[in-house]
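Coordinate analysis (summary)
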Amino acid sequence: ESQQGEEGFIKFYNAPSVEVAIDALPYEVNLPERLPFETAGFKSLGITDYGGKGQNPEAQFIALNEKNNLVLSTTTAQRDYPDSNPEEITLDNGYEAFYTAPNGIDVIVKDITYSYTLIMPELEEPQLKEELLKLAEQLSE
């Protein structure tokens with residue numbers, strides 16, 4: 001429970017590696033191994049702790065090359081969609097996903113929300129959606 005006035009308290013942690021970031025989290029994170037572009041793999045963008053009590057850490061990871069990037073955020077917080085109306089999809093792996101055109105998908109695994117944002121300028125929206133779905137399906141493996 002957060003008290004009034006503590007809402008604005010945010011701690012940010014830099015994590016030197018993906019492994020350190022994942023170890024620091026109170027939940028397990030599965031990063032996709034098959035990515036839609038060539039990359040050296042994921043790097044940690046750090047962990048943001050909303051409320052500063054370790055109750056709701058959001059970890060961000062990025063994989064990129066010269067043209068493309070994939071940002072993956074993981075959080076136990078409930079996502080709201082005040083300004084968009086995402087398409088609800090039940091994945092082949094049984095998880096619920098919310099696709100936000102053109103390049104975002106959220107997947108809810110137990111109580112963790114995986115949010116993928118894919119930037120691939122050469123792809124049209126239908127292909128972006130297909131690649132996001134392929135990433136989301138890897139969560140069951």
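Please refer to the structure placed before this passage.
What comes next concerns the included structure. (Residues numbered from 1 in each chain as written. Predicted model: local features only at pLDDT ≥ 70, side-chain atom pairs only at ≥ 80, totals over all residues. Heavy atoms only, no water.)

**Concerning the pairing of strand β2 (residues 43-50)**
Where strand β1 (residues 10-13) and β2 come together, four bridges link them in antiparallel fashion. When the sheet's bridge partners are listed, Lys11 is paired in β2 with Asp49. The pairing of β2 with strand β3 (residues 57-64) spans six bridges and is classified as antiparallel. Paired with Ile47 across the two strands is Ala59, which belongs to β3. Counted between consecutive antiparallel strands, the loop separating β2 from β3 contains six residues, among which Gly51 sits at a positive phi close to 95°. (Pairing = 2+ DSSP bridges. Helix = DSSP H or I, 4+ residues; strand = E, 2+ residues; numbered from the N terminus.)

**A few points about the environment of Lys129**
Relative to the helices and strands, Lys129 is located in helix α2 (residues 125-137). Looking at Lys129, the relative accessible area reads 22%, which means it is partly exposed. In contact with Lys129, other than residues within four places in its own chain, are Glu87, Ile89 and Tyr99. (Buried < 20%, exposed > 50% of the residue type's maximum accessible area, 1.4 Å probe, protein only. Contact = heavy atoms within 4.5 Å.)

**Here's the deal with the pairing of strand β8 (residues 112-119)**
Most of β8 sits inside the fold, with six of its eight residues counted as buried. Between strand β7 (residues 104-109) and β8, which pair antiparallel one after the other, the connecting turn spans two residues, and Lys110 there sits at a positive phi close to 50°.

**A few points about the sheet that holds β2**
Hydrogen bonding along the main chain pairs the strands of a sheet, whether they run parallel or antiparallel. Read from one edge to the other, the open sheet built from eight strands follows the order β1-β2-β3-β4-β8-β7-β6-β5, with strand pairing classed as antiparallel. The sheet terminates laterally at β1 and β5 (87-90), the two strands that pair on one side only. On average, each strand axis in the sheet is tilted by 20° relative to the strand beside it, whichever way the strands run. α2 contacts β4 (69-75), β5, β6 (96-100), β7 and β8 of the sheet and is inclined by roughly 145° relative to β8. (Axes fitted to C-alpha atoms, helices over the stretch in contact; angles between N-to-C directions.)

**Observations concerning the layout of surface pockets**
In this structure, the second largest pocket encloses a volume near 160 Å³. Residue lining of the second largest pocket: 13 residues in total, with Arg79, Thr100, Gly104, Asp106 and Thr117 positioned closest to the centre. Looking at the lining of the second largest pocket, the elements that each hand over two or more residues are β6, β7 and β8. Class assignment for the residues of the lining of the second largest pocket results in five nonpolar, five polar and three charged. (1 Å grid on protein atoms, 1.4 Å probe; cavity = no way out; pocket = protein on both sides within 12 Å on 5 of 7 lines; lining within 4 Å. Points joined across faces, edges and corners; volume = space filled by probe spheres on them. Nonpolar A, V, L, I, M, F, W, Y, C, P; charged D, E, K, R; others polar.)

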